[in-house]
Amino acid sequence: MAERAEVVFVDGVRTPFGRAGEKGMYWNTRADDLVVKAIIGLMERNPGVPPERIDDVAIAATTQTGDQGLTLGRTAALLAGLPKSVPGFAIDRMCAGAMTAVTMMGSSIGFGAYDLAIAGGVEHMGRHPMGFGADPNPRFLSERLVSEDALNMGATAERIHDRFPSYTKERSDRFALRSQQKVAAAYEAGNIQPDLIPVATRSESGWGLATRDEAPRPETTLEGLAGLRTPFRSHGRVTAGNASGLNDGASACLLASGATAKELGLGVKMTMTSFAFAGVEPEVMGLGPVPSTEKALRKAGLSITDIGLFELNEAFAVQVISFLDHFGIDDEDPRVNEYGGAIALGHPLASSGVRLMNQLAHQFESHPEVRYGLTAMCIGLGQGGSVIWENPHFNKKAAKR
């Protein structure tokens, strides 16, 4: 059996994320057009990649219907102008769709079956709300396999607050405020814009160009957060302010074997070290990244102290807090979500995994003292996903300092 091939993250892009619904900037934009735009932008940024050598295109969506259906990876590849010889397929692992697309394509490269692949995801939550048209099996409730809460993500976040009384609403609000502040600072420093592919938009007022995320609220205050209603239960702790919103957006990245990247003279932003997915009780799905991270660390022969940067998807503030608490990391630790996260930027479900990777790759460049980073997220119906990456810019001397 041949040795495992090195799997490298060459480049990743995304569209600006919009607010879902009629007032959102993508209301009149098709879901497939969003991901096609991301793929075209990715290929334009990497002119050294011969399109005919792309071995596969894996695109994720959670609600695979309408303009998000029809084997999205293949339709997007054709619409993006890739040669007809390039195959493609669709994936659904809810929030971790793009992450799963990356780990599947990475595995195919590691196995030696592929040299180059595109992985990404799209979610148009304005057109396709999560679970819309789905028909959950009645046995889930009649046989008490899960509680009714398990299918309502906000209710699962409230249950984490119930289980851990030290995770107060105030603590979640404070974390949410920091996310907004960090995103504003990252935009100010030009750390988010490099990976955004502009998208033409259409509204009643005419044509426009989306060049920034629509959801951030830099004017957020703790007082404002404290006064928001708790839609998932009366006197609850989860609000629109300390959770990610409903969003539209797409992402795509280019993965290669180390040998192919070298042959084509492609830059390498990160190297995949290990990954893992794990299941937890669906009622507390936010705890999922804890076992998936422990599993990924074990597979890599690393411990949590080896991780120098964390990109954790902020589906809910309490969900990230539960992860940090488990691993003994402070809520304000500068290694965590340096550019802010989904509470401010938004979480178009299946596309978010590659956003985490883009941000980690960008941070690796400015942190030569860090050898390993983690991208992790909770997943609806009780799962977690984690990918550990190695920094190609790592410098032992910088680490000693």
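Coordinates for the structure precede this section.
A.B. asks: Mind showing me how you'd approach the pattern of salt bridges here?
C.D. replies: Close approach of charged atoms allows side chains of opposite charge to pair. For the structure shown, the criterion picks out 19 salt bridges. Across the salt bridge formed by Asp32 and Arg30, the nearest N and O atoms sit 2.9 Å from each other. When its relative accessible area of 9% is taken as the criterion, Asp32 is described as buried. Overall, Arg30 belongs to the partly exposed group, its relative accessible area being 40%. Of the charged contacts, one joins Arg45 and Asp195 as a salt bridge, the two residues approaching to 3.3 Å between their closest N and O atoms. With Arg45 in helix α1 (residues 31–45) and Asp195 in the loop between α6 (169–188) and β6 (199–203), the pair connects residues that are 150 residues apart, well separated along the chain. The structure contains a network of salt bridges with shared partners spanning Asp11, Arg45, Asp195 and Lys269.

A.B. asks: Where do I start with the nonpolar core in this structure?
C.D. replies: The tendency in soluble globular proteins is for nonpolar side chains to be buried side by side. Val102, Phe310, Leu312, Phe316, Met357 and Trp389 are the most contacted members of the largest nonpolar core, which has 76 residues in total. In this structure, Ala38, Ile54, Val86 and Val199 belong to the second largest nonpolar core, which totals 37 residues.

A.B. asks: Hey, could you run me through empty space enclosed by the protein in this one?
C.D. replies: Leftover empty space is mapped by rolling, across the atoms, a probe with the size of a water molecule. On inspection of all chains with the given rule, the structure shows two cavities of 30 Å³ or more. Volume-wise, the largest cavity comes out at about 60 Å³. Of all the elements, helix α12 (residues 352–366) adds the most residues to the lining of the largest cavity, at four residues. When the residues that make up the lining of the largest cavity are grouped by side-chain class, the tally is three nonpolar, four polar and three charged. In this structure, the second largest cavity spans a volume of roughly 30 Å³. Around the second largest cavity sit Pro289, Leu312, Asn313, Gln319, Val320, Phe323, Ala376, Met377 and Cys378, which together line it. Where the lining of the second largest cavity is concerned, the elements lending two or more residues are α10 (317–326) and β11 (372–379). Here the lining of the second largest cavity is composed, by residue class, of seven nonpolar, two polar and no charged.

What counts as what
- Residues numbered from 1 in each chain as written.
- Predicted model: local features only at pLDDT ≥ 70, side-chain atom pairs only at ≥ 80, totals over all residues.
- Heavy atoms only, no water.
- Salt bridge = Lys/Arg side-chain N within 4 Å of Asp/Glu carboxyl O.
- Buried < 20%, exposed > 50% of the residue type's maximum accessible area, 1.4 Å probe, protein only.
- Helix = DSSP H or I, 4+ residues; strand = E, 2+ residues; numbered from the N terminus.
- Core = buried A, V, L, I, M, F, W, Y, C linked by side-chain atoms within 4.5 Å.
- 1 Å grid on protein atoms, 1.4 Å probe; cavity = no way out; pocket = protein on both sides within 12 Å on 5 of 7 lines; lining within 4 Å.
- Points joined across faces, edges and corners; volume = space filled by probe spheres on them.
- Nonpolar A, V, L, I, M, F, W, Y, C, P; charged D, E, K, R; others polar.

Honestly, it's all geometry; don't read function into it.
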